[in-house]
Every structure is written in C-alpha cells, then in structure tokens.
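Working through the structure, step by step
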Amino acid sequence: VGRRPTVNTGDEAPTVEAHVMHNFSKDFYGQEMRVVVLGYIRPELKFAGGLPELLDRIKLDIAVGRTQLDDPVNKVHAEKFVH
C-alpha cells in the first residue's frame, strides 16, 4: 500500500500492489482477487536509481516474501486462502 514514489509524481492516490507468489495453472487476468497480508517487508522507498534499482529491490522483496511464507506459522495461514 503506498504512493509509488519512484514512478509517480506525488499527487496520485495511494494504491495497493500485490505480487502473486503462488503458481497458478490458469490465467486470472481480469478476475476478482482477494489479498491476504501475512507480513511486512519494508517501508515505501523512492529509489534514486529509478526503475532498474526498484526492480532489483522487488526481486529481493520476493525472496524475503518466499522466506516468510515458508515459515510454518505463515504457511498454515496462507494455505487457508489458496484454492
């Protein structure tokens, strides 16, 4: 949840961006999706290096997220929501 300071000018409304960590066999583009927040990775940052630096950080965030999802406590909660 945030304002995307690396790519926005600053006057846009906050948005929610979710990275889907589960492997789905079907395309779900345009479908309704529920997002479950199971943890916190980092505060919102403006990357001085622009989009390339942001993309590198997203890759790191994905690795952190996968580690958090592998935690047995989070795994139990996450599995309740994946159908």
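What you are looking at is a predicted structure, and each value in this text was computed from that prediction instead of being measured.

Quick word on the overall build of the chain
Secondary structure summary: the chain contains two helices and zero strands in total. Reported as C-alpha extents along the three principal axes, the dimensions of the chain are approximately 40 × 30 × 20 Å. Here the chain, with 83 residues, has 14% of them falling under the buried criterion. Approximately 7,100 Å² of the chain is accessible, and the part contributed by carbon and sulfur atoms is 57%. Measuring between centres, the 11 positive side-chain charges of the chain sit 3 Å from its 12 negative side-chain charges.

Section: the pattern of salt bridges
Counted by the stated rule, this structure contains three salt bridges. Note that Arg4 is salt-bridged to Glu17, the shortest N-O span being 2.8 Å. Of this pair, Arg4 sits in the segment before α1 (50-70) while Glu17 sits in the segment before α1, and the two are 13 residues apart along the sequence. Asp61 is paired through a salt bridge with Arg57; the nearest N and O atoms lie 3.0 Å apart. Taken together, the residues Asp61 and Arg57, both in helix α1 and four residues apart, mark about one turn of the helix. Take Asp61: its relative accessible area is 12%, and that puts it in the buried class.

Details of the environment of Met33
Take Met33: it is sitting in the segment before α1. The exposure class of Met33 is partly exposed, given its relative accessible area of 41%. A C-alpha to C-alpha distance of 22 Å links Met33 and Ala63, two positions 30 residues apart in sequence. Not counting residues up to four positions away in its chain, the partners in contact with Met33 are Val20 and Phe28.

What about a nonpolar patch on the surface?
On the surface, Val20, Phe24, Phe28, Met33, Val35 and Val37 cluster together to form a nonpolar patch covering roughly 520 Å² of accessible area. Assignment of secondary structure puts Val35 in the segment before α1. Owing to a relative accessible area of 49%, Val35 belongs among the partly exposed residues under this scheme.

Re the environment of Arg4
A relative accessible area of 35% places Arg4 in the partly exposed class. Along the sequence, Arg4 and Val37 sit 33 residues apart, while their C-alpha atoms lie 18 Å from each other. Not counting residues within four places of it along the chain, the set of residues in contact with Arg4 comprises Thr15, Glu17 and Glu44.

So, how was this worked out
- Residues numbered from 1 in each chain as written.
- Predicted model: local features only at pLDDT ≥ 70, side-chain atom pairs only at ≥ 80, totals over all residues.
- Heavy atoms only, no water.
- Helix = DSSP H or I, 4+ residues; strand = E, 2+ residues; numbered from the N terminus.
- Buried < 20%, exposed > 50% of the residue type's maximum accessible area, 1.4 Å probe, protein only.
- Areas by Shrake-Rupley, 256 points an atom, 1.4 Å probe, with all protein chains shown as cover.
- Lys, Arg positive; Asp, Glu negative; His and termini not counted.
- Charge placed at Lys NZ, Arg CZ, Asp CG, Glu CD.
- Salt bridge = Lys/Arg side-chain N within 4 Å of Asp/Glu carboxyl O.
- Contact = heavy atoms within 4.5 Å.
- Patch = residues over 30% accessible without salt bridge, like charges linked within 9 Å, V, L, I, M, F, W, Y side chains within 5 Å.

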